[in-house]
Amino acid sequence: MLFSLQVFIILLVTKLAGEYSVRLGQPAVLGKLLSGILIGPAVLGVIERTEVLHELSQVGVLLLMFLAGLETNLDDLRKNRNASVAVAVGGMLVPFAGSYLAARFFGLEPINAVFLGLLLSATSVSISVQTIKELGKLHTRESTTILGAAIVDDILVVAALAILMSVLGGAETPLLLVLGKKAAFFAVIILLGWKVVPWVMKKLAPLRVEEAVISAGLIVCFFFAWLAESLGVAGIIGAFAAGLSISRTEFKEAVEHKLEPIAYAIFVPVFFVSIGLSVSFAGIGGQVWQIVVLSVIAVLTKLVGAGAGARLTGFSRPSAFAVGSGMVSRGEVALILAAIGLETKLLPAGQFTALLIVVIVTTMVTPPMLKRAFAKAL
């Protein structure tokens, strides 16, 4: 199918689906996610997952997290660091234990069960960010804690995966080097965000070229994303850090105002649809119960683990439920880990599709859960 026709269908369907989702009392992002399943291989088969659409979706999620960073108050993030760590630790340990036991119950070998436990311990807050933004609650203590916990969660899960692969001898680089690269990323990113980014924005913004300010912001965003991925950290963490860095400058409003129309006009809708394009129901007849059980465990263990961390750090029960809901989505982070597991034989090939559907389920249930949770908490 012609690329232009694919984009036409994606934009039309996502906008209509988002509108009808709002009419039904749900966040628009839920309709957009479901539209990917509808027009993808799982149902109508109108759109197939291609490399071009994948790359566009990657740009979309980076811009989404960059905008989230622009709108996040760095002082609030610092104030909630203890809560973020507690939420991340609880939101990793409980899902790991529950997923490991379930995997063993379904006959997976111990090493495969360990990997599956780590995979379902991951969190991707890109969908949560969009939902909270639609609700107008991105500046609350709950949302700030969710964002901080996602950063800590990414570090813990990837570090644990590095240890697992090192023990098995499947890692291409030594464990200490892997952990050292992650530490280096955060050291460098703090230095760049504090000293270099404000200077770069002041130098590039006045250039007498078209849209110099937004171009300068995007240069910082994609450089930080590249740096994160080069040092073994998720690119979305780098993009979020770039947004945080620019939020401290006088160019925050200008970058945000100019970037939102670009991001939400094409790139972010393609990202939402691309998640649904990963779903296929072919050949899963014998794994239905496994998918159901793992999906329930994946949702409940994040709610319990992350929610417990929030409760221990002073959140009320409704607020803790809101925080736990924001950590449920596994999203693109888990999809990336699944691909790594398939390549390294840590994830059996026969489990890949089932696990993919579990990840999609956690992503789909997040928007309605978050809406209800924030309504009660706030």
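Let us look at the structure shown here. The model shown is predicted, which means the values in this text are computed figures rather than measured ones. (Residues numbered from 1 in each chain as written. Predicted model: local features only at pLDDT ≥ 70, side-chain atom pairs only at ≥ 80, totals over all residues. Heavy atoms only, no water.)

1. Describing the overall build of the protein
Basically, it comes down to this: Helix and strand definitions follow DSSP, with helices as H or I runs of at least four residues and strands as E runs of at least two, each counted in order from the N terminus. Partly exposed describes any residue whose relative accessible area lies between the buried limit of under 20% and the exposed limit of over 50%, with all areas from a 1.4 Å probe on protein chains only and scaled to the type maximum. Pairs of residues are marked as contacts when any of their non-hydrogen atoms sit within 4.5 Å. With residues, only the protein chains shown are counted as cover, and all accessible areas are computed by Shrake-Rupley using a 1.4 Å probe.
Of regular secondary structure, the protein possesses 16 helices and 0 strands. On the principal axes, the C-alpha backbone points of the protein span a range of 65 × 45 × 45 Å. For the protein, buried positions account for 55% of its 378 residues. Looking at the protein alone, contacts between residues at least 24 apart form 81% of all its contacts between residues at least 6 apart. Of the roughly 16200 Å² of accessible surface on the protein, a fraction of 68% belongs to carbon and sulfur atoms.

2. Thoughts on the environment of Val29
Among the secondary structure elements, Val29 is positioned in helix α2 (residues 28-39). Relative accessible area serves as the criterion here: at 0%, Val29 is assigned to the buried category. C-alpha separation for the pair Val29 and Ile127, spaced 98 residues apart in sequence, amounts to 7.6 Å.

3. Describing the packing of aromatic side chains
Spelled out, the test is: Classification of ring pairs rests on two measures: the distance between centres of Phe, Tyr or Trp rings, Trp counted by its six-membered ring, which must be within 6.5 Å, and the angle between planes, read as stacked under 30 degrees, edge-to-face over 60 and tilted in between. In our convention, an over-ring charge means Lys NZ or Arg CZ found within 6 Å of a ring centre and within 35 degrees of that ring's normal.
All chains considered together, the criterion is met by 6 aromatic pairs. Here the aromatic rings of Phe105 and Phe106 are separated by 5.3 Å at their centres, their planes lie at 80°, and the arrangement is edge-to-face. Owing to a relative accessible area of 69%, Phe105 belongs among the exposed residues under this scheme. Taking relative accessible area as the criterion, Phe106 reaches 26% and is therefore assigned partly exposed. Their ring planes at 45° and their centres at 5.6 Å tell us that Phe271 and Phe272 sit as a pair that is tilted. Just as Phe271 is buried, Phe272 falls in that class too. Ring pairing ties together the aromatic residues Phe223, Phe224 and Trp226, which thus form one cluster. The lysine or arginine in question, Lys195, covers the ring of Trp194, its NZ or CZ lying 4.4 Å from the ring centre.

4. Side note on the environment of Leu204
Along the chain, the position of Leu204 falls in helix α9 (residues 175-204). Remark: the alpha-carbon pair of Leu204 and Ala216, spanning 12 residues in sequence, is separated by 5.8 Å. Other than its neighbours up to four places away in sequence, Leu204 contacts Ala212, Ala216 and Ile219.

5. Describing the side chain of Ser143
Our working rule: Whenever two N or O atoms come within 3.5 Å, that pair is a polar contact, provided that in protein one can donate a hydrogen and the other can accept it, and provided that, for residues adjacent in sequence, both atoms are side-chain atoms.
Its location among the elements puts Ser143 in helix α8 (residues 141-168). At a separation of 2.8 Å, a polar atom in the side chain of Ser143 contacts the main-chain carbonyl oxygen of Leu138. With residues up to four places along the chain from it excluded, the contact list for Ser143 reads Ile132, Lys137, Leu138 and Phe374.

6. Regarding the environment of Gln130
Within the secondary structure, Gln130 sits in helix α7 (residues 126-135). Residues Gln130 and Ala28 lie 102 residues apart in sequence; the distance between their C-alpha atoms is 9.2 Å. When residues no more than four places from it in sequence are discounted, the contact partners of Gln130 are Val29, Leu64, Tyr264 and Phe272.

7. Thoughts on a nonpolar patch on the surface
Using the following cut-off: For patch detection, residues must exceed 30% relative accessible area and be free of salt bridges, and they are connected within 9 Å for like charges or within 5 Å for nonpolar side chains (Val, Leu, Ile, Met, Phe, Trp, Tyr). Salt bridges are identified by distance alone: a Lys or Arg side-chain nitrogen within 4 Å of an Asp or Glu carboxyl oxygen.
On the surface, Leu2, Leu5, Phe8, Leu12, Leu16 and Tyr20 cluster together into a nonpolar patch covering about 630 Å² of accessible area. Within the secondary structure, Leu16 sits in helix α1 (residues 3-23).

8. Digging into the side chain of Ser128
Examined against the element boundaries, Ser128 turns out to sit in helix α7. Its relative accessible area of 1% is what places Ser128 among the buried residues. The residues contacting Ser128, other than those within four sequence positions of it, are Gly326, Thr366 and Leu370.

9. Quick notes on the pattern of salt bridges
Considering all chains together, one arrives at 7 salt bridges under this definition. One salt bridge connects Lys302 with Asp153, and the closest N-O pair in it is separated by 3.2 Å. One end of the pair, Lys302, is in helix α13 (residues 288-312); the other, Asp153, is in helix α8, with 149 residues separating them in the sequence. Judged by relative accessible area, Lys302 falls into the buried class, the value being 0%. When its relative accessible area of 1% is taken as the criterion, Asp153 is described as buried. Taken together, the shared-partner salt bridges in this structure form one network comprising Glu71, Lys133 and Glu260.

10. Focus on the packing of helix α3 (residues 51-70) against helix α10 (residues 212-230)
Here is the rule we go by: For helices, the fitted line uses only the C-alpha atoms of the stretch in contact; every axis is such a line through C-alpha atoms, and the angle between N-to-C directions lies from 0 to 180 degrees. Oblique is the label for any angle not covered by the other classes, which are roughly parallel (under 35 degrees), roughly antiparallel (over 145) and roughly perpendicular (65 to 115). Should the near helix be turned anticlockwise from the far one by less than a right angle, the crossing is termed left-handed; should it be turned clockwise, right-handed. Charged means Asp, Glu, Lys or Arg here, nonpolar means Ala, Val, Leu, Ile, Met, Phe, Trp, Tyr, Cys or Pro, and polar covers whatever is left, Gly included.
It is at 11 Å that the axes of α3 and α10 come closest, and there the two elements cross at 110°. Here α3 lies roughly perpendicular to α10, going by the angle between them. The handedness of the crossing between α3 and α10 is right-handed. The segment α3 lies against α10, with Val59, Leu62, Leu63 and Phe66 engaging Gly217, Leu218, Cys221, Phe222 and Ala225. Within the contact of α3 with α10, the residues separate by chemical class into 8 nonpolar, 1 polar and no charged.

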